[in-house]
Amino acid sequence: MSTLTYAVHDSMTMLRRNLKHAIRYPSVGLGSAMTPILMLLLFVYAFGDSIGAGMGGGRDAYLNYLTPGIIVMGVAAGSMSTSIAVCSDMTEGIINRFRTMNISRASFMTGHVVGSVVQTMLCVVLVVGVALAVGFRPDASPVEWLAAAGLLAAIAFAVTWLSAALGLISKTVESASNKPLLIQFLPFLGSAFVPAESMSPGLRWFAEYQPFTPMTETLRGLLSGSEIGNDGWISLAWCAGIALVGYVWSRSLFNNGSTKR
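What counts, and where the lines are drawn
Residues numbered from 1 in each chain as written. Predicted model: local features only at pLDDT ≥ 70, side-chain atom pairs only at ≥ 80, totals over all residues. Heavy atoms only, no water. Helix = DSSP H or I, 4+ residues; strand = E, 2+ residues; numbered from the N terminus. Expected span 1.5 Å × (residues − 1). Buried < 20%, exposed > 50% of the residue type's maximum accessible area, 1.4 Å probe, protein only. Phe/Tyr/Trp six-rings, centres within 6.5 Å; stacked < 30°, edge-to-face > 60°. Salt bridge = Lys/Arg side-chain N within 4 Å of Asp/Glu carboxyl O. Patch = residues over 30% accessible without salt bridge, like charges linked within 9 Å, V, L, I, M, F, W, Y side chains within 5 Å. Areas by Shrake-Rupley, 256 points an atom, 1.4 Å probe, with all protein chains shown as cover. Contact = heavy atoms within 4.5 Å. Core = buried A, V, L, I, M, F, W, Y, C linked by side-chain atoms within 4.5 Å. Disulfide = S-S within 2.5 Å.

The end-to-end C-alpha separation of helix α13 (residues 231-255) is 36 Å, in line with the 36 Å expected for 25 residues at 1.5 Å each. If you check which residues of α13 are buried, you get G232, S235, C239, I242, A243, G246, S250, L253 and F254.

Pasting the structure below:
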């Protein structure tokens, strides 16, 4: 077997380990899904009529506008479980056992990241199901649904690598759960809940140039069957950049031994 084959085999083993942990302790994964679901229900039923009227529509129109932003928020929220899981492995001593075994060093992080992406996509399905149940009606074609799923997987992959690095620098599980909060709530400061054009000048500038706004607008365009313009390419560029930063940072921390407790 080649070195690459061994690395893939070891990564699959780590992936199975992380998925079994997720099944055994579902509260962390479900907690990541509950936050966007609660936000969806709150904004639709508490503020939907007033915000929808201000945007020139009603509650149903606002629900169709809001849901893509909530879905992106759900993907960002899924990164928290990665940070917690990585920090837990680093602080509880299991990593020392892995270091003594004849396994690929890359498999540990790869298993965490891929496992988290799988869990995040399952949470997205749950969020979409709740949105459909309360009245969300997308106009996407099958191809646009596939493109939307690919975009969400790319976002999940990117923020998960960044979250893994945050887990590596955390000293405790509690701090690991707090560090990704900025990632989770950054969509708040974008176009997830209201159009960026309606914000004050300073906040509008930030909303237009932060990564989650083009991601949200791309997903919104795909699910509504409308044009996405340059937002699609900008979103993919942000995903590639975030994933690269997270990967390089995580690899440096893990291989240089700066994560020793």
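This part covers the packing of aromatic side chains. Under the counting rule described, the total for this entry stands at nine aromatic pairs. Each ring, one from F157 and one from W161, has its centre 6.4 Å from the other, and the planes form 85°; the classification is edge-to-face. Taken as a pair, F157 and W161 lie in helix α8 (residues 142-169) at a separation of four residues, close to a single helical turn. Looking at F157, the relative accessible area reads 39%, which means it is partly exposed. A centroid spacing of 5.3 Å and a plane angle of 20° characterise the contact between F185 and F188, whose relative ring orientation is stacked. On the basis of relative accessibility, which here comes to 27%, the residue F188 falls in the partly exposed class.

We now examine the pattern of salt bridges. Summed over all chains, the structure comprises four salt bridges. Taking the shortest distance from any N to any O, the salt bridge between D89 and R17 comes out at 2.9 Å. Of this pair, D89 sits in helix α5 (residues 79-92) while R17 sits in helix α1 (residues 3-24); the two residues are 72 residues apart in sequence, bridging distant segments of the chain. A residue is classified by how much of its surface remains accessible, and D89, at 6% relative accessible area, is buried. Across the pair R204 and E208 runs a salt bridge whose closest N-O atoms are separated by 3.0 Å. Of the two residues, R204 and E208 are both situated in helix α11 (residues 201-209); the distance of four residues between them amounts to about one turn of the helix. Residue classification places R204 among the partly exposed residues on the basis of a relative accessible area of 34%. Classification of E208 by relative accessible area gives partly exposed; the value is 35%.

On to a nonpolar patch on the surface, then. Together, L189, L203, W205, F206 and Y209 make up an exposed nonpolar region whose accessible area comes to about 520 Å². Positionally, L203 belongs in helix α11. Taking the relative accessible area as the measure of exposure, L203 reaches 35% and is therefore partly exposed.

With that settled, the discussion passes to the environment of R204. C-alpha of R204 to C-alpha of G190: the two residues are 14 residues apart in sequence and 8.2 Å apart in space. Filtering out sequence-adjacent residues up to four positions away, R204 remains in contact with A196, E197 and M199.

Counting 56 residues, the largest nonpolar core has L40, L66, I71, I155, F193, F212 and L219 as its most contacted members. Counting only elements with at least two residues in this core, the list comes to α2 (26-46), α4 (59-77), α5, α6 (94-100), α7 (106-133), α8, α12 (212-224) and α13. With 11 residues, α8 is the largest single contributor of residues to this core. When residues no more than four places from it in sequence are discounted, the contact partners of L40 are L63, L66, T67, I70, V130 and A131.

To continue, consider the state of the cysteines. In the structure shown here, the tally under the stated rule is zero disulfides. With no disulfide of its own, C123 lies 18 Å from the sulfur of C239, the closest cysteine sulfur. On the basis of relative accessibility, which here comes to 13%, the residue C123 falls in the buried class.

Distances and angles like these do not, on their own, reveal function.
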